[in-house]
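So you can see what is in the structure, the chains are spelled out below.
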Amino acid sequence: MKRKLTISAIVLAIVALLAGYDAYRATQYRIALLSMDPQRAPADGQSPVALRFKVTDASGQPAKGHSLYALPKGGGILSASRVVTDEAGEALYTYYPYKASDLQPAKDVQIKVIDESNSVFNEINAKTTVTVPLVQPERSAKSNHNLDDIFGE
Amino acid sequence: MLKFKWQSQILMLAASALVASGCSGAAGNSDATATASQIATASQTATGSATALPEGTDAGPKEIAGGRPVTLTVDLHGWMPTVNTEPTAENPTVFLSTQKIADAFMKLHPNVKIAWARTKPVGKLQNEIAEWLTTQISAGTAPAITFTWGNNYLDRDWYEPLGDALSTPDEYVSGNAKWSDLFPDYLMKHRSLVDNSKQPVAVPIVLYSGPATGYYYNKDLFESLGISPPKDWEEMFTDAKLLKEKGYVPFAQWGNFKQIELGQWNQQFSVGPFFAAALMDKTDYDKDGQVDTLETLRATKAGLFNAAEHDYAQEMYRQLKRMYTELLPAGWQNTDFSKPWNDGKVAMREEGLWALQAENGNKQRKFNYGVIPAPPITKSTSLDVADVQYTEKGPYQPDPDLSLNILKPIVKDNPDLKEAAIAFLKYLTVPENISMMVLEQGASLGAVKGSEIPPLLDDWMNNSFPIMPKASWPNAFTDEQGIALNKQFEMWVKGETDDAKFFAKSNEIQQKSADDYIKKMNIDTTGW
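The structure displayed is predicted, hence computed values, not measured ones.

Calculation notes
Residues numbered from 1 in each chain as written. Chains lettered and ligands numbered in written order. Predicted model: local features only at pLDDT ≥ 70, side-chain atom pairs only at ≥ 80, totals over all residues. Heavy atoms only, no water. Pairing = 2+ DSSP bridges. Helix = DSSP H or I, 4+ residues; strand = E, 2+ residues; numbered from the N terminus. Axes fitted to C-alpha atoms, helices over the stretch in contact; angles between N-to-C directions. Salt bridge = Lys/Arg side-chain N within 4 Å of Asp/Glu carboxyl O. Buried < 20%, exposed > 50% of the residue type's maximum accessible area, 1.4 Å probe, protein only.

Colleague: Outline the sheet that holds strand 9 (residues 126-132) of chain A, listing residues and values.
Modeller: Residue and element names in this part refer to chain A. In spatial order, the strands read 6-4-8-9; together these four strands make up an open sheet with antiparallel pairing. The strands lining the two open edges of the sheet, one partner per strand, are strand 6 (82-84) and strand 9. Across the sheet, the mean angle separating the axes of adjacent strands is 25 degrees when strand polarity is ignored. In terms of strand pairing, strand 8 (residues 109-115) meets strand 9 through seven bridges, oriented antiparallel. By the bridge assignment, Val109 is partnered in strand 9 with Val132.

Colleague: Talk me through the sheet that holds strand 5 (residues 77-78) of chain A; I want residue IDs and the actual numbers.
Modeller: All names here are of chain A. In space, the four strands of this open sheet follow the order 1-3-7-5, with antiparallel pairing throughout. Only two strands of the sheet have a single partner each, and these edge strands are strand 1 (30-37) and strand 5. With two bridges connecting them, strand 5 and strand 7 (residues 90-96) associate as antiparallel partners. Paired with Ile77 across the two strands is Tyr96, which belongs to strand 7.

Colleague: Tell me about the pattern of salt bridges, and name the residues and values.
Modeller: All names here are of chain B. One pass over the structure, following the stated rule, counts 32 salt bridges over all chains. The partner of Asp157 in a salt bridge is Lys408, and the shortest N-O contact between them spans 2.9 Å. Here Lys408 lies in helix 14 (residues 408-411) and Asp157 lies in the loop between strand 3 (145-146) and helix 4 (163-166), a separation of 251 residues in the sequence. Residue classification places Lys408 among the partly exposed positions, given a relative accessible area of 24%. Among the ionic pairs, Glu508 bridges to Lys505, the shortest N-O distance being 3.3 Å. Here Lys505 and Glu508 lie together in helix 18 (residues 499-520), a separation of three residues that amounts to about one turn. Judged by its relative accessible area of 48%, Glu508 is partly exposed. Each of the salt bridges in this network shares a partner with another, and the network as a whole consists of Lys198, Asp286, Asp288 and Asp292.

Don't take any of this as a statement about function, it's just geometry.
Below, the structure is given as C-alpha cells:
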C-alpha cells in the first residue's frame with residue numbers, strides 16, 4: 001500500500017513538474033494582434049477580415065516558425081485554422097463572417113488563437129482572444145462565381 | 001517527443017463516462033457515436049432563438065396537422081447539428097445552422113417537435129446504413145426524413161413519392177408558385193433523385209462543390225520531388241511508381257474501404273462513368289442525355305456490359321484490378337493511414353470533399369496539402385473510354401451531396417407526420433436557410449437558386465473540372481447478387497480465378513441480378 005502511494009506520488013510529481021515547465025514556457029511567449037482589416041466587418045458571408053498576429057518571446061524578439069491554431073467562436077469560418085509564423089513572428093489569418101439574417105443577427109465574434117509550439121509535454125499554450133465586431137451589411141455581397149453557370153441555366 | 005496530453009485525456013475520460021451513462025454523446029459532421037437512447041429533441045441542444053421567417057417571406061406558413069402534436073424525427077446525415085456548441089482545440093467542429101433552422105421552424109409551428117436521429121451510424125457504408133434503416137423501420141422508429149444517397153434503396157419500396165408536393169407552392173418563400181421552381185431543372189430529373197417512373201423521391205438540399213470526392217495530396221512532397229499531382233488515371237500510376245521508389249505510400253483508399261470490392265470510388269468517379277459514356281449512343285434509349293437505372297437495366301439485358309463478349313468491358317474490370325495490384329501498399333486492408341498521412345508518408349489520400357473543413361483543422365498534419373478531382377481515365381489508358389470534357393472554370397451540374405427522402409413505411413398511416421415532414425423540407429430549402437448551411441460548412445453548394453457560394457471555394461472553383469458523364473457502369477442490381485459479384489472480383493484480383501472464368505461469371509451474376517430486379521420491381525420490359 002505504501003509502495004503504491006509512493007509510486008503514485010512520484011507519478012503525480014513528474015506530471016506536475018512537466019506541466020509546470022510548460023506553464024512556465026507559456027508565459028515566455030506573447031501573442032498580440034497587430035492589425036484587423038476592416039475594423040468592423042459586414043456580416044455578409046463573403047467579405048474577408050484580415051487578422052495579423054505577432055508572436056514574441058520574453059525578450060520581445062519575434063518567434064519564427066510557431067504554429068498558431070485559431071478558433072472562431074460565434075460563427076463564421078477561417079480560410080485556415082493553423083498558420084505558421086514567418087521571419088517577423090507574424091501570422092496572417094483570413095476570417096469570413098457568417099451572413100446575418102433573422103435567424104442569426106449580426107453580433108461580435110471572438111477568435112481565440114493558441115500557440116501550439118510552446119508546449120513541450122502538456123497542452124499548456126500561450127493564447128489570446130480578439131473580438132471581431134460584425135455589423136449588419138449595408139448591401140449584399142456576392143461570390144465571384146455564378147450559381148446559374150454551375151447549374152447550366 | 002512523447003507528449004503527455006493530460007488535458008485531452010481527462011476530457012476523453014469525461015466523454016467516455018458520459019457515453020457510458022447514456023447522456024448525449026459527441027456528434028458532428030463525421031461519425032455520430034450516440035446510443036439508442038440519444039434521439040434528443042432538437043430543443044435540448046438549441047442555441048439560437050430564431051423567431052422569424054427568413055427575409056422575403058410573406059406567403060405565411062399553414063398550420064400543420066390541425067395543430068395536433070407531431071414529433072418529427074429527422075436524419076440530416078453529416079449535416080445534423082453538433083452537440084457541442086463552442087469549438088475547442090480538442091473538438092473544433094461545430095455546426096449549428098440546422099439547429100437554428102429547426103428552432104425557427106418549431107417556433108412557427110409550436111405543435112411540431114423536431115428530434116434528430118442521432119443513432120444513425122453516419123460515416124458507415126451503404127449496406128450498413130441499409131441494415132440500420134431496416135431495423136429502425138421494423139421497429140417503427142426510423143426517421144420520417146432521412147438521407148439514403150437519393151434513390152439508393154429504390155428496390156426496398158421505402159420512398160414516399162414527392163412529385164405532388166413539389167408541384168405545390170413552398171409557402172415559406174415569397175411569390176413561389178411551385179416548390180420545384182426553387183431548384184435548377186437538372187436536379188428535378190437527376191437520375192439519383194427519381195424513381196423508375198422519373199418521379200422525384202428525394203429533395204436535393206446541398207451539392208458537391210465539383211466532384212463528390214477528391215484526392216487530398218501532400219503538396220510539399222510533390223513539390224520536393226518535382227512532380228505534379230495526376231491529371232488523369234494513367235498519370236496517377238506514373239506518379240505512384242516514382243513515389244514508391246522514394247519510399248512513400250503513393251495512394252490510400254478512403255478509410256472505410258477495407259475489402260476488395262467493385263463499386264468503390266475509383267469505379268464511381270475515375271473509371272466507370274467514362275467507359276459507360278462511350279456506350280451512351282446505345283444506352284441512352286430516350287436520348288435525354290443521361291442513362292438512368294431503367295436504361296442501364298435494359299442495356300444490361302441487351303448484353304452491352306457483358307465482359308464475356310466485349311473487350312471494352314474486360315478493360316473496365318482490368319483497370320479496377322490495377323488499383324489493387326499496382327497502387328495499394330501491402331497490408332492496406334489492415335492499415336489505418338491517418339497517422340502516416342499526418343506524418344507525410346502518404347502521397348495521396350482518397351477522401352470526400354465534405355472532409356475539407358476537418359482537414360483544414362487537422363492539427364496533426366505536418367505539411368501543406370492540396371485537393372484535386374479524382375483523376376479520370378482518358379484515352380492515354382484505353383481507347384474504349386469517352387473523351388473527357390472539362391469545364392473552363394468551376395464545376396458543372398454537380399451531383400447532390402445531401403438529398404432527403406420521406407420514408408413511406410413511417411408516414412403511410414400518419415398523415416400528420418407526412419404533412420410535417422413535407423413542411424420541414426420546404427422550410428429547409430428556403431434559399432436563406434440553405435445559404436446559412438453552406439456558408440457555415442464552407443465546402444458545399446446550395447441546391448436551390450439564389451443560395452450563396454461559400455467564399456472558401458473561390459480558388460477551388462477557379463479550377464477546370466472534368467464533366468462527369470451522366471452514366472455509370474453497373475455492377476449487380478440486387479444486394480444478394482452484389483455480394484456474389486464482389487466475391488468473384490476478389491478471387492480474380494487475388495489470382496484465384498482466371499480472366500475467362502471471371503468475365504463469364506460476372507455476366508452470369510449481372511444477368512441474374514437484372515432478372516431478379518425486374519421481377520421484384522414489376523418492371524414492364526415490353527419493347528426491350
